[in-house]
Amino acid sequence: MTSASLQASRGTRDIWGSEILLWQFLEQQARDILGRANYQEIRTPIFEATELFSRGIGEGTDIVNKEMYTFTDRGDRSLTLRPEGTAGVVRSLIEHKRLNQGVQRCWYQGAMFRYERPQAGRQRQFHQLGVEVFGSADPRADVEVMALAWEFLQALSLPGLTLELNSVGDPEDRQRYQAALVEYLTPYAQALDPDSQVRLTKNPLRIWDSKSPATQDILTAAPRLPAYLGSAAQAHFEQVQAGLTALGLTYTLNPRLVRGLDYYTRTAFEITTTDLGAQAAVGGGGRYDGLVQALGGTPTPAVGWAMGLERLVVLLQKQGETPAPRLDFYIVAQGEGTGILSLQISQMLRRQGFRVEIDLSNSALGKQLKRADKLGSHACVILGENEVQSQQIPVKWLATGVQEWVDFPAGFADDERWRQKFAAIPRPKGP
Ligand code: AMP
C-alpha cells in the first residue's frame, strides 16, 4: 500500500475544523445541564469482554448477531469494541459495588462501534451521549431523564423534534401480549416479510420494527401493547405522563414503540426529528429494570437514554449554526530579536485569558498581516527590530484599523487595560 492510499476506514470519519466547535458546544451543554442535575460522568473502557454485550444487549439482536467488532487478543480472550454504553456502565457499577449505595445517576459520552452499512447519519464508529439512573423505580426518575434529554435539545435550539412515548409493561404483561400478537399474526405468516417470519417464532414484538409496508399494513389492526398493561405498569405509565405534562413537555403516544428484550420494562421513548430523512431517531431510551440482574447484579431498577451525537451535529449544521472563531491577538514578527519578544508577549496575554497566536511563517510582514485578517483576529501585535529597541509596540485593531502604541512589558501585563478594550468589542459567545 502506498501512503497516498491511506484513508479513514469505511464508516469512520475525522472531525475537525469548524465542526469541532459544534462538538465542543454540544459537550459543554451536556456537561452543564447534566451537572446541574448532579449526574456524575463515567468513562468506561472502549473494549470489554464479548460476553458482556451478548448478555447485556441480548443474543438474537441485530447488534449482537451482525454488528459487533469482535476480536481475539494475544491472550486468547474474546473482546468487543463497545456497540453501546449501558452494558459497560452496569458492569462497572456492579464491579465497584455501587448499586447498594442508594440511587446512582451517571452520564457518559464517547465512541461506539457497530458494523452497519454506512449511509448519511449511520456510521461504524459514532458517538453517543447517554444517562442512566440506577436504584429507583419511581416514575419521577423516568420523567427526570426525559426532561433532561429535552432540556439538552432545547439548549441546542433544535426545531422539529418529537418525544414519542409508550409503556412496554412488565414482563408478564408482555408475555400475555406476545401470545395475543402471535395469535393475530399467524394466519398472515406467509404475507409477512422474511425477517418478520423469523421473528414470529423468535421475537414477535420486534415485528413492530419492520420497515416493510406489507408487514406494517398487517399490523394496523393488530392488538396493541398498551391494552395489555397490568395495573401496576398502567399506574406507572399514568404518573410518568402526569409528570411530563406538569413540566410542560409535550409528547406523542406511540403504541408501536416496542422493545423485544425481557429486561426492558414499562417506559419506552424515542426522540425523532423530521429533518434527517431516513435516520429520524435522534435518541431513545426507557426503563430496563431487568438488566442489572441479567448481568449478574442484584435486581436494581434502572432508566436511561442514549443520543447519537453525529445526528445532533448535522441538525446544528442545517441550522447554519457555526460558532465564530475567536482569536484575540495575532502576533506578527520580523527581524532580529522579535522572536523572543513574540514568545514573551503571547505568554503575558494568554495568562490573562486571551486567545493568542504567533505567526511562525517568517514571511513578509504584509503576508503575515493578511493572515491576521483571514483568521478574524481582533487585534494584531506588530513586531520589528525598531520595536525591540524602543520597547514601544504597535497594536492594530483590525475592525477599525486604529493603531496604538503599547509599552513592553508593563502595558502588556496590564489586565485592566485589555479588559476595557475588549469590553467595547462585541465578542461572539464561542465555545
Ligand atoms: P440505540 O443505541 O440503537 O438505541 O441508538 C441510540 C441513538 O444512537 C440513535 O437514536 C442514533 O441517534 C444513534 N445511533 C445508533 N446507531 C448509530 C450509527 N450507526 N451511526 C450514527 N448514529 C447512531
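Above this text is the structure in question.
This section reports on the structure supplied with the text.

Description of the site of the ligand
Not every one of the 13 residues close to the ligand is listed here, only the nearest: Arg114, Glu116, Gln123, Gln128 and Val282. Contact distances for the ligand include 2.5 Å between a nitrogen atom and a side-chain N or O atom of Glu116. Coverage of the ligand by the protein chains reaches 82% of its 480 Å² of free accessible surface. If you list the elements that add at least two residues to the shell around the ligand, you get β6 (125–134), β10 (281–287) and β11 (302–308). When residues of the shell around the ligand are assigned to their parent elements, the largest contribution, three residues, is made by β10. Taken together, the residues of the shell around the ligand break down into four nonpolar, five polar and four charged.

Notes on helix α5 (residues 139–155)
Taking 1.5 Å per residue as the helical rise, α5 with its 17 residues ought to reach 24 Å, and the 24 Å between its terminal C-alpha atoms agrees with that figure. Most of α5 sits out of view: twelve of its 17 residues are buried. Within the sequence span of α5, burial applies to Pro139, Ala141, Asp142, Val143, Val145, Met146, Ala147, Leu148, Ala149, Trp150, Phe152 and Leu153. Taking the backbone nitrogen of Arg140 as reference, a side-chain oxygen 2.7 Å away marks Asp138 as the first, capping residue of α5. Positive phi appears at Ser157, one or two residues downstream of α5, with a value of about 50 degrees.

Thoughts on unusual backbone geometry
A cis amide bond links Phe408 with the next residue in sequence, Pro409, at an omega value of 0 degrees. Looking at where Pro409 falls in the secondary structure, it is placed in the loop between β16 (403–407) and α15 (410–413). Positive phi values are uncommon outside glycine, yet Asp76 reaches one of about 70 degrees. Mapped onto the secondary structure, Asp76 falls in the loop between β3 (69–72) and β4 (78–81). Relative accessible area serves as the criterion here: at 69%, Asp76 is assigned to the exposed category. One non-glycine residue, Lys97, lies in the positive phi region at around 50 degrees. Looking at the element boundaries, Lys97 is found in the loop between α4 (86–95) and β5 (104–113).

A closer look at the pattern of salt bridges
If you walk through the whole model with that rule in mind, you get 18 salt bridges. Among the salt bridges present, the one from Lys66 reaches Asp62, with a minimum N-O distance of 3.8 Å. With Lys66 and Asp62 both in helix α3 (residues 62–67) and four residues apart, this pair spans about one turn of that helix. Several salt bridges converge on common partners, so that one network encompasses Asp62, Lys66, Arg206 and Asp209.

Here's the deal with the sheet that holds strand β9 (residues 265–273)
Taken in spatial order, the eight strands make up an open sheet running β1-β5-β6-β11-β10-β9-β7-β8, and their pairing is mixed. Only two strands of the sheet have a single partner each, and these edge strands are β1 (40–41) and β8 (252–253). Relative to β11, β10 runs antiparallel, the two sharing five bridges. Pairing of Gly285 across the sheet is with Trp305, part of β11. Lying over the sheet, α4 contacts β5 and β6, oriented at roughly 45 degrees with respect to β6. On the sheet, α5 packs against β5, β6, β7 (161–167), β9, β10 and β11 and is oriented at approximately 20 degrees with respect to β11.

Focus: the nonpolar core
Core analysis: the largest hydrophobic core is formed by 62 residues, its most contacted members being Phe152, Leu153, Leu156, Leu185 and Leu312. The biggest single contributor to this core is α5, with ten residues. In this structure, Leu312 is in contact with Leu26, Phe152, Leu153, Leu156, Leu158, Val282 and Met307, ignoring residues within four places of it in sequence. Counting residues in hydrophobic clusters, the runner-up holds 24 residues, among them Ile42, Cys106, Phe126 and Val292.

A closer look at the environment of Arg311
By the secondary structure assignment, Arg311 is in helix α11 (residues 309–318). Residue Arg311 is classed as buried on the basis of its relative accessible area, which comes to 18%. Taking the C-alpha atoms as reference points, Arg311 and Leu200, separated by 111 residues in sequence, lie 32 Å from one another. In this structure, Arg311 is in contact with Gly121, Arg122, Leu276, Gln279 and Ala281, ignoring residues within four places of it in sequence.

Details of the packing of helix α1 (residues 18–36) against α5
At a minimum axis distance of 10 Å, the contact between α1 and α5 shows a crossing angle of 140 degrees. When the axis of α1 is compared with that of α5, the two are oblique. Here the hand of the crossing between α1 and α5 comes out right-handed. Taking contact as the criterion, the partners of Phe25, Leu26, Gln29, Ala30, Ile33 and Leu34 in α1 are, on α5, Leu148, Glu151, Phe152 and Ala155.

So, α4
Buried residues dominate α4, accounting for seven of its ten residues. Inspection of α4 places Thr86, Ala87, Gly88, Val89, Val90, Ser92 and Leu93 among the buried residues, and these make up the whole buried set.

Some words on the packing of aromatic side chains
The final tally for this structure, using the stated rule, is 14 aromatic pairs. Centre to centre, the rings of Tyr184 and Tyr188 are 5.4 Å apart; their planes meet at 45 degrees, and the pair counts as tilted. Classification of Tyr184 as buried rests on a relative accessible area of 18%. By relative accessible area, Tyr188 is classed as partly exposed at 36%. Between Tyr263 and Tyr264, the ring centres sit 5.0 Å apart and the planes meet at 50 degrees, which makes this aromatic pair tilted. Assessed through its relative accessible area of 21%, Tyr264 is described here as partly exposed.

Calculation rules
- Residues numbered from 1 in each chain as written.
- Predicted model: local features only at pLDDT ≥ 70, side-chain atom pairs only at ≥ 80, totals over all residues.
- Heavy atoms only, no water.
- Near = heavy atom within 4 Å.
- Polar contact = N/O pair within 3.5 Å; in protein donor to acceptor, adjacent residues only side chain to side chain.
- Areas by Shrake-Rupley, 256 points an atom, 1.4 Å probe, with all protein chains shown as cover.
- Helix = DSSP H or I, 4+ residues; strand = E, 2+ residues; numbered from the N terminus.
- Nonpolar A, V, L, I, M, F, W, Y, C, P; charged D, E, K, R; others polar.
- Expected span 1.5 Å × (residues − 1).
- Buried < 20%, exposed > 50% of the residue type's maximum accessible area, 1.4 Å probe, protein only.
- Salt bridge = Lys/Arg side-chain N within 4 Å of Asp/Glu carboxyl O.
- Pairing = 2+ DSSP bridges.
- Contact = heavy atoms within 4.5 Å.
- Axes fitted to C-alpha atoms, helices over the stretch in contact; angles between N-to-C directions.
- Core = buried A, V, L, I, M, F, W, Y, C linked by side-chain atoms within 4.5 Å.
- Parallel < 35°, antiparallel > 145°, perpendicular 65-115°, else oblique.
- Left-handed = near helix turned anticlockwise from the far one by under 90°.
- Phe/Tyr/Trp six-rings, centres within 6.5 Å; stacked < 30°, edge-to-face > 60°.

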